[in-house]
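Chain by chain, the residues run as shown.
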Amino acid sequence: MQRAVDPRPRETAADAAPAAAPRRVDGRLFWMATAGILGGAVFVADTLSGFESAIAVLYALVVVIGAQGQGRSVILGVSAVCSVLVVISFSATHLGDVDTGNIGRMVVSLVAIALTAALLSSRLTVQKTRLALQESEANLRAVADSVPQILWQALPDGRITYLSHRWTEMTGASVEEGLSKDGRGWLDWFHPEDRGPLLDDWGAAIAGDAAFESYRRLKVQDGSYRWLQISARPIRSEESGHVLRWYGVSTDIDEEMRAQLTIRDLNQTLEQRVAERTAELARSERRYRSAFEQSHVALFEMDISDARDRIFGLKDSGVESAAAYLFEHQDFLEECLHSVRVLDANDAAVRLLGAERREELIAHEGTFMRDRSRETVDLYCALVEHNQRVEGASEVMASNGKIVKVLFGTSRIDAPDDRFHILVGMIDVTERERAQELLLAAQEELARANRAATLGALSASIAHELNQPIGAVMMDAQTAARWLERDPPDLESARRALSRVAGNAERASGILRRTREQLIKGRRVVGALDVADVVSSSLSLLEREIRVGRTRVHLRVADGLPPIEADRIELQQVMVNLVVNAVQAMRQSPAGQRILDITVDADGEDKVRVRVSDTGTGIDQEHIDRLFEPFFTTKPEGMGMGLQICRATIQSFGGDMSARNNEGKGATFEFVLPAAGGEDA
């Protein structure tokens, strides 16, 4: 049901105040008028009656009546008027007959008036004090009820005697309910698990007269529990020091407590993970140390931070190629290498370098590498500048001065304080290199002997084949000369002799042509080939040369290419020659810029094209037209036959080869072969 609404406007406190003021004024006027009438009556009676009694004492009643609702000044004023009236009445009636009794009655009257005024003033002061106390108590209660914490008060024995209104706002229970059960009803609103510990904490604080603090969960209006910080301090007597009361505050810290609990759980999880990670790192460190110490590969841990800073300092000073600068300034290179520090080495490293103790290697300053070639400098810079893993071959000097050839590899490892540490592994290949050199020397000697024997047999065969036609040419030439020397010359006979000379010369040419065809075609196995497969196998054969040359190879093969007809070995030799030339042409380029692009695609519908492009120095424009001439070479050690043979081989399969400079760096060699079954095949 709806409540009926009063259509009349309600009177607010602001509206009631002006109306109450006239009523208070009218009351004061009434009491003042009554006091005035009574004072006049007392004055008349005291002056005209002639009684010897102390009628003037009734002025005390006038003062009491006149003081109703008045302030201290009015009370003093009324008292003063009454005192004046007493003196006037005494003067009028006893001026000529003054005795001790009359004066005594007048004094009694004045004292009565003064005492009455004093009592009324004191009563007024007490009223004002009481009102001030009531107002102060109301203000304190309003402040206590307005703060966001629960304020409470307890007796020395721990019973709660006061709860602020915040208790009701949080729990929904009245203050009376909280103060029930002899000041312990509030305990029912705390979490069952927290009640016992809370009472224990509170009892310990009371027993020790010490400050109290506890963190417990309070049930709020929606049925959930929120964390409170409960604090209290004792108020002691100044004389005895005994506890008079306890004053406490309970603060809602649910968000902070839950955040702390979450952080505590996270910390526990983090501590557990840190412990697990620490144990894992310890195990990893033990495995690393075990592998480091027991490895048969010589391992060194080195700090190259100072060398790295020096090389990056070159970059900051405007040097474009640090590798070229280091190679040209060997003194600066030695300074960089000398700043390298050996941090650790395993037993295999001690044996490799012929040291007696590991400390000898750790005390060593600089690297053990003796190689200062441009390729090795490029490897150093690739490691320092680009953080690349580096592999290569070099020579190191052992403690006894012996030169040891090694294969080495490096990689960066984690280090504290952003230091640059590397792990270097070395394998002694001195004996293997020596055996390989002997084997290569033997193979070269055998190949030289085979070439000499083959050349001798070929020369004898050619001499045998050419001996008869050349001899016939000489005889016919001499005969023709004699026929021409006759007088007259026998021209017809000379013509026949010269015709025989031409025939024998053609025969000798045919013998040479047949011998060349036998050398080339006699060993060929021509068949359908996949050009991409031939290119890939050629790169596999040159894997070591490509790795040593720090060259990156990009092979691109188009889809759906037709096969070609050629000899696999000869086509492979062509690719080997072109790739080796490209790797050698990029020796002077920085290691990071040595890129070999090989593209296999279609040239029209019935041809396959292979392009080999490098980023080297390119070809001098004045030499580009003579590259394929026999015995022309730009290499000091070259014979000038490689490219000529390559081009002749490609042409023998119906294709062609060309060369050109790139728009940027380097050069491109390209050959085209007809597809198997094509018109040019």
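Residues numbered from 1 in each chain as written. Predicted model: local features only at pLDDT ≥ 70, side-chain atom pairs only at ≥ 80, totals over all residues. Heavy atoms only, no water.

Q: Before we move on, could you go through empty space enclosed by the protein and cite the residues and values that matter?
A: The tally for this structure, following the rule as stated, stands at 3 cavities of 30 Å³ or more. Considering only enclosed or pocket space, the second largest cavity measures out at about 170 Å³ in volume. The wall of the second largest cavity is formed by 14 residues, among which W152, W186, F190, I230 and S250 lie closest to the centre. When residues of the lining of the second largest cavity are traced back to their parent elements, those giving at least two are β1 (150-154), β2 (160-163), α8 (192-208), β3 (212-219) and β4 (225-236). Along the lines of polarity and charge, the residues of the lining of the second largest cavity split into 13 nonpolar, 1 polar and no charged. (1 Å grid on protein atoms, 1.4 Å probe; cavity = no way out; pocket = protein on both sides within 12 Å on 5 of 7 lines; lining within 4 Å. Points joined across faces, edges and corners; volume = space filled by probe spheres on them. Helix = DSSP H or I, 4+ residues; strand = E, 2+ residues; numbered from the N terminus. Nonpolar A, V, L, I, M, F, W, Y, C, P; charged D, E, K, R; others polar.)

Q: An account of the sheet that holds strand β7 (residues 341-345) is requested, with residue identities and associated values reported.
A: Judged by pairing direction, the sheet is antiparallel, and its 5 strands sit side by side in the order β7-β6-β10-β9-β8 without closing on themselves. This sheet does not close on itself; its edge strands, each paired only once, are β7 and β8 (390-397). Recorded for the sheet is a direction-independent mean angle of 35 degrees between the axes of neighbouring strands. When strand β6 (residues 298-303) meets β7, the two strands line up antiparallel, connected through 4 bridges. Residue pairing for β7: M302 is matched across the bridge by V342. Along the sheet, helix α15 (residues 374-386) contacts β8, β9 (403-413) and β10 (421-428); its crossing angle with β8, the most-contacted strand, is approximately 125 degrees. (Pairing = 2+ DSSP bridges. Axes fitted to C-alpha atoms, helices over the stretch in contact; angles between N-to-C directions. Contact = heavy atoms within 4.5 Å.)

Q: Go over the nonpolar core, please, and point to the residues and values.
A: One finds F300, M302, L326, L361, F368, V396 and M426 to be the most contacted residues of the largest nonpolar core, which totals 43 residues. Not counting residues up to four positions away in its chain, the partners in contact with F368 are F300, M302, V342, L353, L361, E395, V396 and M397. With 38 residues, the next largest nonpolar core counts V531, V608, F653 and M657 among its residues. (Core = buried A, V, L, I, M, F, W, Y, C linked by side-chain atoms within 4.5 Å. Buried < 20%, exposed > 50% of the residue type's maximum accessible area, 1.4 Å probe, protein only.)

Q: Please give an account of the packing of helix α18 (residues 531-541) against helix α20 (residues 568-585) that cites residues and values.
A: Direction vectors running N to C along α18 and α20 enclose 55 degrees, while the axes themselves pass 9 Å from each other. Classified by the angle their axes make, α18 and α20 are oblique. Crossing handedness for the pair α18 and α20: right-handed. Where α18 approaches α20, its residues D533, V534, V535, S537, S538, L539 and L541 are matched on the opposing element by R568, L571, Q572, M575, V576 and V579. Residue classes in the contact of α18 with α20 are distributed as 8 nonpolar, 3 polar and 2 charged. (Parallel < 35°, antiparallel > 145°, perpendicular 65-115°, else oblique. Left-handed = near helix turned anticlockwise from the far one by under 90°.)

Q: Tell me about the sheet that holds strand β5 (residues 243-252), and please be specific about residues and values.
A: Strands belonging to one sheet form pairs held by backbone hydrogen bonds; the direction of such a pair is parallel or antiparallel. Pairing is antiparallel across the open sheet formed by 5 strands, whose spatial order is β2-β1-β5-β4-β3. Edge positions in the sheet fall to β2 and β3, since each of these pairs with one other strand and no more. Each strand of the sheet is rotated relative to its neighbour by a mean of 25 degrees, with strand direction disregarded. Where β3 meets β4, 8 bridges bridge the pair, whose relative direction is antiparallel.

Q: Help me get a handle on the environment of I253, residues and values and all.
A: Here I253 lies in the loop between β5 and α9 (254-294). By relative accessible area, which is 12% here, I253 ends up buried. A C-alpha to C-alpha distance of 9.0 Å links I253 and Y215, two positions 38 residues apart in sequence. When near neighbours in sequence (up to four residues on either side) are disregarded, I253 contacts Y215, W227, L228 and Q229.

Q: Tell me about the environment of L643, and please be specific about residues and values.
A: Mapped onto the elements, L643 comes out in helix α21 (residues 642-652). Each C-alpha atom, one on L643 and one on F628, is 5.5 Å from the other, the two residues being 15 residues apart in sequence. Sequence-distant contacts of L643, defined by excluding residues within four places in its chain, comprise L578, N581, L627, F628 and F669.

Q: Go over a nonpolar patch on the surface, please, and point to the residues and values.
A: On the surface, I103, V107, V111 and L115 cluster together into a nonpolar patch covering about 310 Å² of accessible area. Position of V107 relative to the elements: it lies in helix α4 (residues 100-146). (Patch = residues over 30% accessible without salt bridge, like charges linked within 9 Å, V, L, I, M, F, W, Y side chains within 5 Å. Areas by Shrake-Rupley, 256 points an atom, 1.4 Å probe, with all protein chains shown as cover. Salt bridge = Lys/Arg side-chain N within 4 Å of Asp/Glu carboxyl O.)

Q: Give me the lowdown on the pattern of salt bridges, citing residues and values where you can.
A: Applying the stated criterion across every chain yields a total of 28 salt bridges. The partner of R159 in a salt bridge is D182, with the nearest N and O atoms 3.1 Å apart. Here D182 lies in helix α7 (residues 180-183) and R159 lies in the loop between β1 and β2, a separation of 23 residues in the sequence. Between K181 and D188 there is a salt bridge; the shortest N-O distance is 2.5 Å. Assessed through its relative accessible area of 55%, K181 is described here as exposed. Each member of the salt-bridge network shares a partner with another, and the members are R226, D252, D254, E255 and R258.

Q: Any details on the packing of aromatic side chains? Residues and values, ideally.
A: In total, this model carries 7 aromatic pairs according to the counting rule given. Relative to F212, the ring of W202 has its centre 5.0 Å away and its plane inclined at 65 degrees; by these criteria the two rings are edge-to-face. One end of the pair, W202, is in helix α8; the other, F212, is in strand β3, and 10 residues separate them in sequence. Like W202, the residue F212 is buried in the burial classification. Considering the side-chain rings of W202 and W246, the 5.2 Å spacing of their centres and the 70 degrees angle between planes classify their relative orientation as edge-to-face. One end of the pair, W202, is in helix α8; the other, W246, is in strand β5, with 44 residues separating them in the sequence. Of the two residues, W202 and W246, neither departs from the other in class, the shared state being buried. Through a chain of ring-to-ring contacts, the aromatic side chains of W152, W202, F212 and W246 assemble into a single cluster. (Phe/Tyr/Trp six-rings, centres within 6.5 Å; stacked < 30°, edge-to-face > 60°.)

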